[in-house]
Every structure is written in structure tokens, then in C-alpha cells.
Amino acid sequence: MSSEQPGALDRTAVSPAGGNAAIDAAADNFVQVVDVVKKFGETVAVKQVNLSVKKGELFALLGSSGCGKSTLLRMLAGLETVTSGKILIDGEDLAQLPPYRRPVNMMFQSYALFPHMTVESNVAFGLKQEGVAKAELKDRVQTALELVQMGRFAKRKPHQLSGGQQQRVALARSLVKRPKLLLLDEPMSALDKQIRQRTQIELVNILDKVGVTCIMVTHDQEEAMTMAGRLAVMSEGEIVQLGTPHEVYEYPNSRFSAEFIGSTNLFEGHTVEDEPDHVFIETPDLTCRLYVSHGITGPLGMPVTISVRPERIALTSKPPEGAFNWGKGVVSNIAYMGGYSLYHVKLDGGKTVIANVTSLALTEIDPPTWGDEVYVRWSASAGVVLTS
Ligand SMILES: Nc1ncnc2c1ncn2[C@@H]1O[C@H](COP(=O)(O)OP(=O)(O)OP(=O)(O)O)[C@@H](O)[C@H]1O
Ligand SMILES: [Mg+2]
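Residues numbered from 1 in each chain as written. Chains lettered and ligands numbered in written order. Predicted model: local features only at pLDDT ≥ 70, side-chain atom pairs only at ≥ 80, totals over all residues. Heavy atoms only, no water.

Naming follows an unreviewed UniProt entry, where the chain appears as Spermidine/putrescine import ATP-binding protein PotA of Paraburkholderia graminis. Per its UniProt entry, the chain bears the Catalytic activity (unreviewed entry) comment "ATP + H2O + polyamine-[polyamine-binding protein]Side 1 = ADP + phosphate + polyamineSide 2 + [polyamine-binding protein]Side 1." On record in UniProt, under Subunit (unreviewed entry), the comment for the chain is "The complex is composed of two ATP-binding proteins (PotA), two transmembrane proteins (PotB and PotC) and a solute-binding protein (PotD)." (UniProt positions renumbered as here; feature names shortened; annotations may be inferred.)

(A) Looking closely at the site of ligand 1. The environment of ligand 1 is made up of Phe40, Ala45, Ser64, Ser65, Gly66, Cys67, Gly68, Lys69, Ser70 and Thr71. Expressed as a share of its isolated accessible area of 640 Å², the protein-covered part of ligand 1 is 57%. With three residues, the top contributor of residues to the shell around ligand 1 is helix H2 (residues 69-76). (Near = heavy atom within 4 Å. Areas by Shrake-Rupley, 256 points an atom, 1.4 Å probe, with all protein chains shown as cover. Helix = DSSP H or I, 4+ residues; strand = E, 2+ residues; numbered from the N terminus.)

(B) Representation of the nonpolar core within the structure. Leu171, Leu184, Leu231 and Ile261 are the most contacted members of the largest nonpolar core, which has 46 residues in total. Of the residues forming this core, the biggest block, five residues, is contributed by helix H5 (residues 163-175). Contact partners of leucine 231, with chain neighbours within four places excluded, come to Phe59, Ala60, Leu62, Ala224, Met225, Gln241, Leu242, Gly243, Pro245, Val248 and Ile261. Counting residues in hydrophobic clusters, the runner-up holds 30 residues, among them Ile281, Ile313, Val357 and Leu362. (Core = buried A, V, L, I, M, F, W, Y, C linked by side-chain atoms within 4.5 Å. Buried < 20%, exposed > 50% of the residue type's maximum accessible area, 1.4 Å probe, protein only. Contact = heavy atoms within 4.5 Å.)

(C) Structural context of the side chain of arginine 140. Within the secondary structure, arginine 140 is located in helix H4 (residues 134-147). With relative accessibility at 11%, the residue arginine 140 sits in the buried group. Not counting chain neighbours up to four residues away, the residues in contact with arginine 140 comprise Leu127, Val132, Val176, Lys177 and Arg178.

(D) Region of the structure containing the domain arrangement of the chain. Domain boundaries assigned for the chain yield domain 1 (26-255) and domain 2 (263-386). For domain 1 and domain 2, the distance between their C-alpha centres works out to 39 Å. Listed as interface residues are seven residues of domain 1 and, on the opposing side, nine residues of domain 2. Summing both sides of the interface, domain 1 and domain 2 together bury roughly 700 Å²; the carbon and sulfur share of this comes to 46%. When the buried area of domain 1 at its contact with domain 2 is split by residue, Tyr249, Pro252 and Arg255 rank highest and sum to 74% of it. (Domains from an automatic or database assignment. Buried area = accessible area lost by both parts, 1.4 Å probe.)

(E) The side chain of serine 341, seen in detail. Relative to the elements of secondary structure, serine 341 occurs in strand S17 (residues 340-347). What makes serine 341 buried here is its relative accessible area of 4%.

Here it is in C-alpha cells:
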């Protein structure tokens, strides 16, 4: 993965030009989750979560299995009551709204299309329930199907469609109801990798066109990074970090975030100098010190972890000149990935460092091979000091 994350569209610019502070504040807090806790008996599935989602934003909840993503989404949909705390959508307390007035629609992982109904009838179903007049219904169904490019499949049954097409019908069925908030629980999980990547971009474009606010759950970090304007990393019922894909990737705030989003090299050590603009760290992993160009707050000598992304690490055959941030080792593995190669370098101290070297960079050097002695090095701005 490159440090420049592809795709993540800037969907955050929703405040009206020259805007008024009250409107901006309302748009920034379109969805508000306030101190929300959910317990199932002894299990605390969601622990005191606070979250604001902006109007028109595509927000992703990301985390490993069982961390509480679906539970949080189900509470936002009003399908599950909160144990304590509250949820506001467009300023209205969800708990006070009867189910039919909740401005939310949730698309489930399995899509749950009615197998005996045509595509058209599936999409029309919710509107019929609402008693929408025939002419309007026809119009809205057609518009929704065209939006997801399924107009020509209107008369088919779900089993006559591919997985990706079924997913789009399910999306049309959610959007046709014009929800203020669209919730997607693992929307791509039934699709294979290739169609999944295409669908991710399609979905972002459709949501952008409609302008609907959307919260999406996924456990696939690449998917969250490609699609979302902002994301929250969850672990054990809590939000560990929240930010744009770029912020979370470049400035992880904990070991959990650093390892969950992308892969990284972690060095354990303790601080030996701590200034506002830099820190020096001693680590048993290297013969030299680590030098990071940002400060931390904490007592000198405190244990810290330094995260250095593989694409920030350069390979050289000659010893680097600087006195910091390098190590000597032997190439122990090379994974050729097409556009880049992952070099595993076993340092003299025993630690293995992974360097992501682009194929272009490899054409510029004499590419090292298995067993070759090499040096790894990185700049002071490449490291992030983690204290938790
Ligand atoms: N109805 C329920 N009764 C009891 N425990 C539940 C219930 N629903 C969820 N849980 C528990 O709450 C925790 C969070 O579950 P949740 O479904 O929110 O996880 P998730 O993050 O969506 O996981 P996955 O990625 O596997 O879908 C889990 O420990 C789960 O077992
Ligand atoms: Mg789930």
C-alpha cells in the first residue's frame, strides 16, 4: 500500500459557501452518538461511544470481528435499543421517533432480496408499504434502478442476477426511500475481490450523486480507506481512533491502529531525549538511536513504540551516512507483488524489518537478492512514536 491513499474522495466539503455558523454546526453534527453503551447481559458490546457524522459524508466503522460494529449500526437504525446514551439524527432523538418516522435505512449484508419478486417489485416494496401513489412509485423505482444501472434488469428475479447486480438492487431498494441516513453493513462481503473493487468506486459515485449521509461497516481496511471520507477504528466496543484515512494511516495513535490499518514495522525502546520538535529513542533492535521529528509528552526514559511504514524504508548496499535510523542485515525473503516488492531484512540484532520497494526504485539500483547484506534506513519524519 502506498502512503498516498488512492480514491478517498473528499466528501467533507458540505457546508454552504460563506456559510452560517449554526448551519455549519448542524451539518457537522448531522448524526450524533452521545455516550452510547450497549450491553447484552454481561457482554458490553459497545462502551460509551461518542461520534459525530457530517451531512453528506461517507463514514466507515472499521474493526475486527466482534468489536461492536454491527451493534452500533443496528442502534443507529433503531433495530436495537441503547442501554444508555442517545442518538440524534438531524437534531431529532431517535428513541423518541416511532420506527416508521425514523429517517434511516439499513442495507444488510445478505441484501435480503425477496426471491419470488422481480427486481422492480423488490425496489417498490417499501414504497408500497408506505402507500406511495402509483405514478410516483413507478417514477421513483425507475429513477432508483437507473441510478444503479439496473433499469434493464427490472423484470428479472434475484436468482437471475450476479452478486454485484443483486447488491445494486439492494442499494436501489434502500435509496428509493430517500433516507436521510443510509447504513451499510459489510456491503461488499458477498462479492469477490475484483468485482468488489469496481463496486467500491461505483458505490462512492452513486452515494455522492444522491448526497445521502452514509455510515458503512467493514472489516476490510483497504475498503474503508478507498471509500470513506473519515473512518473510526473500533476495538472491543470502543473507538480507538477517528480521522481521515490519511490521518489514521500516517499518524496512528496506538499500536492497535498502526497494525490494523496497513502493515508497519514496530520498534520498542525508551526515550533518551524529548524536545517539542524531536525525540531520540534507544532500542535494542538497532545499533544506532532512533530519531523522530516530533515530540511527545511523557517522562524521559518512558517505554515507547516507534512505527515506521514499509514504504518509508529504503534499501542500500552501502552503509548510510547518518547516525540514526538505520540498520544492517541480510535479505531473508522477497515477496514480488507486481508494482512493488516486499523485502524482509533480518537485522544483525535479530529483528526483521519489512521494506516496500517500488519496481521503479528497483530498476534504479542493483536489486538485492536472498542472502545479500543490505542496509535499511529511513528519515526522521517517517517514524511515529506510539505511547499506547
Ligand atoms: N443479540 C445479541 N445477544 C448477545 N450478544 C450479542 C448480540 N449481538 C451481538 N452480541 C455480542 O456483541 C459483541 C459485538 O457484536 P457485533 O455483531 O456488533 O460485532 P461486529 O463488530 O459486527 O463483528 P463482525 O465483524 O463479526 O460482524 C459480540 O461479542 C457479540 O457476540
Ligand atoms: Mg457485524
